[in-house]
Amino acid sequence: KRLAPPLRPPPPNDCLHPARHSRPSIRGERGMSAEEAAAKAAEGEEEELELEGQDLFYVPEKALTGIKEKLKNGKKEEDLKPFVDQLVNPEDVPDEDMMLPVDMRGVGKDFDSVEDIMEELGVVGAAEAFVKAREYFEANKDEEPEEDRPKPLTAAEWKEAM
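Every chain begins its residue count from 1, and numbering advances along the sequence as written. Totals for whole chains, interfaces and linings use all residues, but because this is a predicted model, local features are given only for residues with pLDDT of at least 70 and pairs of side-chain atoms are given and counted only at 80 or more. Side-chain calculation: all heavy atoms of the structure are included, whereas hydrogens and water are not.

Participant: Summarise the pairing of strand S4 (residues 98–103); cite the residues concerned and give the values.
Facilitator: Here S4 lies mainly inside the structure; 5 of its 6 residues are buried. Two strands qualify as a pair provided DSSP detects at least 2 bridges between them. A run of H or I in DSSP becomes a helix once it reaches four residues, and a run of E becomes a strand once it reaches two; helices and strands are each numbered from the N terminus. In this structure, strand S3 (residues 56–60) lies alongside S4, joined through 5 bridges in antiparallel fashion. Pairing of Leu-56 across the sheet is with Asp-103, part of S4. Across 2 bridges, S4 lies against strand S5 (residues 153–154) in antiparallel orientation. Relative accessibility under 20% of the residue-type maximum defines a buried residue, over 50% an exposed one, and the middle range a partly exposed one, all with a 1.4 Å probe and only protein chains included.

Here's what the structure looks like:
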């Protein structure tokens, strides 16, 4: 079985986790509950907070558009498969095509790869998952300033960054 390269963008130089964008959310120290962290902060003690952000993948825009159209017209696996295959093999996307950021937190479960998504959810479920991930990214639930958000890339730019 051939593994596709990860769809995640390369980490920024200052990012500790290779799959995470730098938009922060706050978690307390290891082993400390949220209530304990709040109490400690309320007591005025300084606490170093861990930053964690979006779980980004880049997907071919044409594949995502095709998936959305096919989902509107019925959820036939044979119609969706060519588009989902583009998600599995993004290196085959022509250099001039656009790659869109999606936030995999919108799927509601952590997956290590597109293959894992396909195995667990099937073709139709994987297609729906990536649509949800794009919608989650577009919703910008972290209220990240637009200028700080990941931007679409050409496939050539994405391949170079990988």
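Participant: Break down unusual backbone geometry for me, with residues and values.
Facilitator: Positive phi values are uncommon outside glycine, yet Asn-140 reaches one of about 50°. Along the chain, the position of Asn-140 falls in the loop between helix H4 (114–139) and S5. At Glu-143, a residue that is not glycine, the phi angle is positive and equals roughly 55°. Turning to its location among the elements, Glu-143 is positioned in the loop between H4 and S5. The class of Glu-143 is exposed, set by a relative accessible area of 68%.

Participant: Could you give an account of H4, with specific residues and numbers?
Facilitator: A helix's residues, less one, multiplied by 1.5 Å, set its expected span. The terminal C-alpha atoms of H4 lie 22 Å apart, and with 26 residues this falls more than 12% below the ideal 38 Å at 1.5 Å per residue. After H4 finishes, the residue Asn-140 shows a positive phi value of roughly 50°.

Participant: Give a description of the pattern of salt bridges that names residues and reports values.
Facilitator: We count a salt bridge whenever a side-chain nitrogen from Lys or Arg sits within 4 Å of a carboxyl oxygen from Asp or Glu. A full pass over the atoms with the stated rule returns 8 salt bridges. Linking Lys-62 and Asp-97 is a salt bridge whose minimum nitrogen-to-oxygen distance equals 3.3 Å. Here Lys-62 is found in helix H2 (residues 61–72), whereas its partner Asp-97 is found in the loop between helix H3 (77–88) and S4, with 35 residues between them in sequence. For Asp-97, a relative accessible area of 12% gives the class buried. For Arg-149, the salt bridge identified is with Glu-144, shortest N-O distance 3.9 Å. Owing to a relative accessible area of 5%, Glu-144 belongs among the buried residues under this scheme.

Participant: Any details on the confidence of the model for the protein chain? Residues and values, ideally.
Facilitator: Low-confidence regions, as indicated by low pLDDT, have predicted coordinates that should not be scrutinised in detail. Here pLDDT means the predictor's own confidence in every residue, given as a number from 0 to 100. This prediction gives the protein chain a mean pLDDT of 75; 67% of its residues lie at or above 70. This model gives residues 10–33 a pLDDT under 50, and the stretch forms 47 contacts once residues within four places in sequence are excluded. What makes two residues a contact is simply this: any of their non-hydrogen atoms within 4.5 Å. Scored below 50 in pLDDT, residues 40–51 makes 17 contacts in the model with residues more than four places away or belonging to other chains.

Participant: With reference to specific residues and values, describe the side chain of Ser-113.
Facilitator: With respect to the helices and strands, Ser-113 occurs in the loop between S4 and H4. Side-chain atoms alone can form a polar contact between residues adjacent in sequence; in general such a contact is a pair of N or O atoms within 3.5 Å, and within protein one must be able to donate a hydrogen while the other accepts it. Only 3.3 Å separates the side chain of Ser-113 from the side chain of Glu-115, close enough to count as a polar contact.

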